Amino acid sequence: MRYLVYLVSAFLAVNLACANVLINEMLPSPASDWNGNGHISGMDDEFIELYNSGNQSVDVSGYVLKDTVFRSTPGEYALPEGSVIGPGEFLVIFVSTSGVFQGNDGDAIELYDRSGSLVDEKRYDTSTEDVSLARIPDGGGWKNSTAPTPGKPNRLTA
């Protein structure tokens, strides 16, 4: 019986930790060098930022990002083994790594956990150059930000 209690507790802890991982910021239409490689390359500078709003680290290995309005093949990326987001931390994924493109004229990005359950999604209709879709404050409601902050806390801009 005690073993069953531990097993159920561990299961609940893992599932609650999963609920703390969110899509926190997205940049569908970059016009600056956001990946820091010295080149402005449109889609290569697109990013999706995940955020752990919980108070424990979450192993997101095997989580999948999906682009639902794909061009010719489904944009899908499984996070590699060893991908962990600490409490209150961010994980930035550039399209040059993931192949998950964000359409400038509308799209939806979805995040699934390793069991295939939808964790979070963000849909949008249009985008503007160098304006990110960001949860402000981090983990909060969606707003537009003219100051994208990949890997850093989101902020509201005037």
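Not measured: the values here are computed from a predicted model. (Residues numbered from 1 in each chain as written. Predicted model: local features only at pLDDT ≥ 70, side-chain atom pairs only at ≥ 80, totals over all residues. Heavy atoms only, no water.)

Caption draft 1: Just the pattern of salt bridges, in detail. In the structure shown here, the tally under the stated rule is five salt bridges. Put simply, Asp120 and Arg135 hold a salt bridge, and the shortest N to O gap is 2.9 Å. Note that Asp120 is positioned in strand S9 (residues 118-124) and Arg135 in strand S10 (residues 132-136), a separation of 15 residues in sequence. Judged by relative accessible area, Asp120 falls into the buried class, the value being 11%. When its relative accessible area of 10% is taken as the criterion, Arg135 is described as buried. For Glu121, the salt bridge identified is with Arg123, shortest N-O distance 3.2 Å. Residue classification places Glu121 among the partly exposed residues on the basis of a relative accessible area of 30%. (Salt bridge = Lys/Arg side-chain N within 4 Å of Asp/Glu carboxyl O. Helix = DSSP H or I, 4+ residues; strand = E, 2+ residues; numbered from the N terminus. Buried < 20%, exposed > 50% of the residue type's maximum accessible area, 1.4 Å probe, protein only.)

Caption draft 2: Representation of unusual backbone geometry in the model. Ile136 connects to Pro137 through a cis peptide bond whose omega is -5°. Mapped onto the elements of the fold, Pro137 is located in the loop between S10 and strand S11 (141-145). Of note in this structure, Asp130 is not a glycine but carries a positive phi near 55°.

Caption draft 3: The nonpolar core, seen in detail. With 18 residues, the main nonpolar core has Val21, Ile48, Leu50 and Leu65 as its most contacted residues. For this core, the elements supplying multiple residues, two or more each, are strand S1 (21-27), strand S2 (47-52) and strand S8 (107-112). For this core, the element with the most residues is S1, which contributes three residues. Not counting the four nearest positions on each side in its chain, Leu65 is found in contact with Ile48, Leu50, Gly75, Glu76, Tyr77, Ile93, Val100, Ile109, Glu110 and Leu111. (Core = buried A, V, L, I, M, F, W, Y, C linked by side-chain atoms within 4.5 Å. Contact = heavy atoms within 4.5 Å.)

Caption draft 4: Local environment of the sheet that holds S2. Strand order in the open sheet made by the five strands is S7-S2-S1-S10-S11, with antiparallel pairing throughout. The sheet is open, and its two edges are formed by strand S7 (90-94) and S11, each paired on a single side. Taken pair by pair, the neighbouring strands of this sheet meet at an average axis angle of 30°, ignoring direction. One ladder, built from two bridges, connects S1 with S10; its direction is antiparallel. Each bridged residue has a counterpart across the sheet, and for Glu25 the counterpart in S10 is Ala134. (Pairing = 2+ DSSP bridges. Axes fitted to C-alpha atoms, helices over the stretch in contact; angles between N-to-C directions.)

Caption draft 5: Local environment of the sheet that holds strand S5 (residues 75-78). Overall, antiparallel pairing links the four strands, which are arranged S5-S4-S8-S9 in an open sheet. Looking at the sheet topology across the chains shown, the edges are occupied by S5 and S9. On average, each strand axis in the sheet is tilted by 10° relative to the strand beside it, whichever way the strands run.

Caption draft 6: Summary view of the confidence of the model for the protein. The predicted model of the protein has a mean per-residue pLDDT of 86, with 84% of residues at 70 or higher. Contacts for the low-pLDDT stretch residues 4-18, under 50 throughout, to residues beyond four places or in other chains number three contacts. (pLDDT = per-residue confidence, 0-100.)

Caption draft 7: Summary view of the side chain of Ser98. Turning to its location among the elements, Ser98 is positioned in helix H2 (residues 95-98). With a relative accessible area of 9%, Ser98 lands in the buried category. Looking at Ser98, its side chain comes within polar contact range of the main-chain nitrogen of Val100, at 3.0 Å. Contacts of Ser98, omitting those with residues within four sequence positions, involve Glu76, Tyr77 and Ile93. (Polar contact = N/O pair within 3.5 Å; in protein donor to acceptor, adjacent residues only side chain to side chain.)

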